[in-house]
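# Examining the three-dimensional arrangement
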Amino acid sequence: MNSVHVSGIGMTSQRTRERLVNRLKEKGIVNPKVLEIMASTPRHLFVDEAISHRAYEDTSLPIGMGQTISQPFIVARMSELLLDTGDMNKVLEVGTGSGYQTIILAQMFKDVFTIERVGPLQRMSQKRLRNLKIFNVHYRHGDGFKGWEDKAPFDAIIVTAAPENIPEALVEQLAEGGRMVIPVGAQNGVQELMVLHKVDGELQKSVLEQVRFVPLLGGVVD
Ligand code: SAM
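Residues numbered from 1 in each chain as written. Predicted model: local features only at pLDDT ≥ 70, side-chain atom pairs only at ≥ 80, totals over all residues. Heavy atoms only, no water.

## Side note on the sheet that holds strand 7 (residues 174–185)
Spatial strand order, 5-4-3-6-7-8-9: seven strands in an open sheet with mixed pairing. Both outer strands of the open sheet, strand 5 (137–141) and strand 9 (202–211), are each paired with one neighbouring strand and no more. With direction set aside, neighbouring strand axes in the sheet form an average angle of 15°. Strand contacts of helix 3 (residues 72–82): strand 3 (90–94), strand 6 (154–159), strand 7, strand 8 (191–199) and strand 9, with the helix running at about 155° to strand 7, the strand carrying the most contacts. (Pairing = 2+ DSSP bridges. Helix = DSSP H or I, 4+ residues; strand = E, 2+ residues; numbered from the N terminus. Axes fitted to C-alpha atoms, helices over the stretch in contact; angles between N-to-C directions. Contact = heavy atoms within 4.5 Å.)

The following block contains the structure:
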């Protein structure tokens, strides 16, 4: 597991981050580990400098290529749901995007395996995390619908874009006792955040709140 120490983070971002964490608490995030990680992780380094003054608003923001960095509340909520997982060794993330959720996972799990279909986003997030000296993340430029078969099974799987149906390959690659957190539903219809718990080879499904994610798309973009 890593923790993030970045030199040159001013007091201003520390204070704005603390304000964000207070908002997350007000909205129902309770896990102290998640709150502590979010209080020390520099989200402003995961967006373009031109909009970095908005990095600690509780909102999603554009990251280019028609994609977004997830809303901090959603990142916290999904991370909290994964912390109920028994083993915290291997997590698969589908949809690296800016790498912000990835760096949070890197502070919760021993190893993070992350897949992104859009080449420029994949390369940029990889560079960011290396600059922040995060070395327990393994990157793949590929189609997350297929998962990462040769690294399976995973103790946890998190999907940060919404498929219309739960991808079968991801279910197969979830370890016994493991949990998957995934938004499911059509882009212009209702999407639901789900937690799938694999018990004795069967999936126990809990449906949580309605959410709005970009769609999980097939294929890759160079
Ligand atoms: N957690 C990310 C963050 O905070 O930056 C959110 C990223 S964004 C909401 C979803 C990402 O999923 C996008 O970068 C998109 O390109 C990626 N994506 C969509 N379909 C994918 C697929 N089949 N495989 C891998 N990545 C995919």
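## Examining unusual backbone geometry
With omega at 0°, the peptide bond leading from Ala152 into Pro153 counts as cis. With respect to the secondary-structure elements, Pro153 resides in the loop between strand 5 and strand 6. Look at Met65: it is not a glycine, yet its phi comes out positive at around 55°. In this fold, Met65 is placed in the loop between strand 1 (61–64) and strand 2 (67–69).

## Some words on the site of the ligand
The local shell around the ligand holds 24 residues, among which Ser98, Glu116, Asp143, Gly144 and Leu217 are the closest. Within the contact set of the ligand, a nitrogen atom lies 3.3 Å away from a backbone nitrogen or oxygen of Arg117. Contact distances for the ligand include 2.6 Å between a nitrogen atom and a backbone N or O atom of Leu217. In the complex, the protein chains occlude 99% of the 600 Å² of accessible area that the ligand would expose alone. For the shell around the ligand, the secondary structure elements donating two or more residues are strand 2 and strand 4 (111–116). Residue classes in the shell around the ligand are distributed as ten nonpolar, eleven polar and three charged. (Near = heavy atom within 4 Å. Polar contact = N/O pair within 3.5 Å; in protein donor to acceptor, adjacent residues only side chain to side chain. Areas by Shrake-Rupley, 256 points an atom, 1.4 Å probe, with all protein chains shown as cover. Nonpolar A, V, L, I, M, F, W, Y, C, P; charged D, E, K, R; others polar.)

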